[in-house]
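Structural overview
So you can see what is in the structure, the chains are spelled out below.
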Amino acid sequence: MYFSSSRPLISHRRSRKPEQSNRGSSCIDISSSISKIRSCRSDLRVFDLIENQAVTLVDESDGSSHKDSIRAIRYGASGKLFVSAGDDKLVKVWSAESWHCLNTMQKRVSAVAVNGNDSHVCYADKFGVVWVVELDGIDDEGEVLLPSKKGAPLLSHYCSIITSLEFSPDGRYILSADRDFKIRVTVFPKEPLQGAHEIQSFCLGHTEFVTCIAFVWNPELTQGYLMSGSGDSTVRLWDTTSGSLLNTCEVSTMAGHLESNESEPMQVTVTDICAIPNTCSAAVSIQRQVYFQGIVLLSSDLSAHTLSITNVIKIPGESFIPTSISLSTSTTLLWMVSGASNGSNHPAGYSRVRVISGIETGPSSVLEDELIPGGTKLLEKLQGKVSVEESVMSAAAEAVRAAMSSLLMKKQYSDEKREFRKRSRNDKKTTH
């Protein structure tokens, strides 16, 4: 999710033996083996669960990771690298073996994706252009050879902010969702640096901004199917090959969010979707005007093209809005993060990490802080301190909602202001 003002990334670093990876106002990402990375304001904080210790990132280009709020983070499928992008107009590729920065590109980014074999990193800028950088290969030490430090334009949504990027499980397509309600399915070309010119389909049906997309599939399927979340209170199931809408799940009504005195459903926003590997299920985080503290579990019958809610896991006792979620497949734990870096009375920033066990096997439950992997050492590293006051969490929840409203809603300008902005554009200025 790109709309947060700060992003914690929790990253599970790969061990010396092969293991795996996954994805987050705060943001979280987990390589399915061992380490967690989160970002708070401009900080990327990493905790190695195998070594049970905090990790220090090294960026020899300028001595620091980012200088402004981090908007997007993403692990590669191999777990050997991850990508971070911030409001400082920097996109950085990191080794998850040496924890060194491998490459830095300049671009203000709203979403990032890494293809299945870690050969290409894609990122979207605020003008709706998706860029691609080719990675020449990853050696045994996790170092990456980069033939070019600049990205090449891959495709464009023509000034519509892209909110999510995703590669299909087979690597044939790259999918881009945007603020203008649409999802574009593009054939990922054999020569990506030459641009992607073949559109496979458009998935059209959402009535508000699309916030997140994720593929659900199992080994018995010949193809994966797409789930998408939106500000229109729905999660939708798509056949991406044809662009057909297969089913729609109204999460606001079906999750039982209505109060008894409400005559009509209250609109909610789906903030993140995390597919559960080798199943047709997914965990969904949502946000509504009156706080809903929990995760919705969805199951899809792909042969019957249906989508339904199977469970709602409540998070008790806190003003906790999960803004980003990620699954650790090696431990079947769902990691959640909530937070904001500004917009509240706590300028130092805020983030809170929670964990749910039993997502795949059941029964599901929210773990107490002392029971999560890494315990208080992990929380101190990723949150900045072990415990977070309720007043801070409530203020941050308001900041999270304000951040989404500010970044996903289109700004309205007067005719005079619009003309002034046009005259101020660099491509419209007269050169002498």
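Under an unreviewed UniProt entry, the name given to the protein chain is tRNA (guanine-N(7)-)-methyltransferase non-catalytic subunit, and the source organism is Brassica napus. A UniProt comment under Sequence similarities (unreviewed entry) is attached to the protein chain, and it reads "Belongs to the WD repeat TRM82 family."

1. Here we look at the overall build of the protein chain
A count of helical and extended segments in the protein chain gives four helices and 28 strands. Burial analysis of the protein chain (432 residues in total) assigns 57% to the buried set. With an accessible surface of roughly 18,200 Å², the protein chain has 47% of that area assigned to carbon and sulfur atoms.

2. Observations regarding the pairing of strand S24 (residues 306–314)
Relative to S24, strand S23 (residues 294–301) runs antiparallel, the two sharing eight bridges. If you follow Ser300 over to S24, its bridge partner there is Leu307. Hairpin connection, S23 to S24: the antiparallel pair is bridged by four residues, and His305 has positive phi, about 60°.

3. Description of the packing of aromatic side chains
Here the structure, examined in full by the defined rule, presents four aromatic pairs. With 6.3 Å between their ring centres and 50° between their planes, Phe82 and Trp99 make a pair best called tilted. With a gap of 17 residues between them, Phe82 in strand S6 (residues 81–86) and Trp99 in the loop between strand S7 (90–95) and strand S8 (101–106) connect regions that are remote in the sequence. Residues Phe82 and Trp99 agree in their burial class; the two are buried. Linked through ring pairs, Tyr75, Phe82, Trp94 and Trp99 together constitute an aromatic cluster.

4. Structural notes on the nonpolar core
Among the nonpolar cores identified, the biggest contains 22 residues, and Met227, Val235, Leu237, Val270, Ile273, Val284 and Leu298 are the most heavily contacted of them. Elements represented by at least two residues in this core include exactly strand S17 (210–216), strand S18 (225–230), strand S19 (234–239), strand S20 (244–250), strand S21 (268–276), strand S22 (281–288), S23 and S24.

5. What to know about the sheet that holds S21
Reading across the sheet, the four strands line up as S21-S22-S23-S24 and stay open at both edges, with antiparallel pairing between neighbours. At either end of the open sheet lies a strand with only one pairing partner, and these are S21 and S24. Sheet twist, expressed as the average angle between the axes of neighbouring strands with direction ignored, equals 30°. The pairing of S21 with S22 spans eight bridges and is antiparallel.

6. Here we look at the pairing of strand S10 (residues 120–125)
By the criterion of burial, S10 is predominantly enclosed, with six of the six residues buried. A loop of five residues connects strand S9 (residues 109–114) with S10, the two strands running antiparallel in sequence, and Asp118 in this loop sits at a positive phi of about 60°. Note that S10 and strand S11 (residues 129–134) share five bridges and pair antiparallel. Residue pairing in the sheet places Ala124 in a bridge with Val130 of S11. Hairpin connection of S10 to S11: three residues between the antiparallel strands, including Gly128 at a positive phi of 90°.

7. Focus on a nonpolar patch on the surface
Taken together, the side chains of Ile199, Phe202 and Leu204 present a nonpolar region at the surface, about 270 Å² in accessible area. Its location among the elements puts Phe202 in strand S16 (residues 199–204). What makes Phe202 partly exposed here is its relative accessible area of 36%.

8. Things to note about the environment of Val337
Within the fold, Val337 resides in strand S26 (residues 333–340). Val337 sits 310 residues away from Cys27 along the chain, and the two C-alpha atoms are 6.5 Å apart.

9. A short note on helix H2 (residues 375–383)
Gly375, Leu378, Leu379, Leu382 and Gln383 are the residues of H2 that are buried. One side of H2 carries all its buried residues, which in axial view fall inside an arc of 100°. Looking one or two residues past H2, Gly384 carries a phi angle of roughly 95°, positive in sign.

10. Brief notes about the side chain of Thr186
Along the polypeptide, Thr186 turns up in strand S15 (residues 182–187). Taking relative accessible area as the criterion, Thr186 reaches 0% and is therefore assigned buried. Looking at Thr186, its side chain comes within polar contact range of the side chain of Arg184, at 2.8 Å. Among residues more than four places away in sequence, those in contact with Thr186 are Leu155, Arg172, Tyr173, Ile174, Ala196, Glu198, Ile199 and Gln200.

11. Describing the environment of Arg236
Tracing the chain through its elements places Arg236 in strand S19. Residue Arg236 is classed as buried on the basis of its relative accessible area, which comes to 10%. With ten residues separating them in the primary sequence, Arg236 and Leu226 have C-alpha atoms 8.0 Å apart. Setting aside residues up to four positions removed in sequence, Arg236 forms contacts with Gly205, His206, Leu226, Met227, Ser228, Leu245, Asn247, Thr248 and Leu307. Within the structure, the side chain of Arg236 is placed 3.3 Å from the backbone oxygen of Gly205, a separation counted as a polar contact. At 3.3 Å, the side chain of Arg236 and the side chain of Asp232 are in polar contact.

12. Details of the pattern of salt bridges
Counted according to the given criterion, the structure contains seven salt bridges. One salt bridge in this structure joins Arg74 and Glu166, with 2.9 Å as the shortest N-O distance. Of this pair, Arg74 sits in strand S5 (residues 70–75) while Glu166 sits in strand S13 (residues 162–167), and the two are 92 residues apart along the sequence. The buried category is assigned to Glu166, whose relative accessible area is 14%. The salt bridge involving Arg236 is made with Asp232; its shortest N-O contact spans 3.3 Å. Connected via shared salt-bridge partners are Arg71, Asp87 and Arg108.

Parameters at a glance
- Residues numbered from 1 in each chain as written.
- Predicted model: local features only at pLDDT ≥ 70, side-chain atom pairs only at ≥ 80, totals over all residues.
- Heavy atoms only, no water.
- UniProt positions renumbered as here; feature names shortened; annotations may be inferred.
- Helix = DSSP H or I, 4+ residues; strand = E, 2+ residues; numbered from the N terminus.
- Buried < 20%, exposed > 50% of the residue type's maximum accessible area, 1.4 Å probe, protein only.
- Areas by Shrake-Rupley, 256 points an atom, 1.4 Å probe, with all protein chains shown as cover.
- Pairing = 2+ DSSP bridges.
- Phe/Tyr/Trp six-rings, centres within 6.5 Å; stacked < 30°, edge-to-face > 60°.
- Core = buried A, V, L, I, M, F, W, Y, C linked by side-chain atoms within 4.5 Å.
- Axes fitted to C-alpha atoms, helices over the stretch in contact; angles between N-to-C directions.
- Patch = residues over 30% accessible without salt bridge, like charges linked within 9 Å, V, L, I, M, F, W, Y side chains within 5 Å.
- Salt bridge = Lys/Arg side-chain N within 4 Å of Asp/Glu carboxyl O.
- Arc of directions from axis to C-beta.
- Polar contact = N/O pair within 3.5 Å; in protein donor to acceptor, adjacent residues only side chain to side chain.
- Contact = heavy atoms within 4.5 Å.

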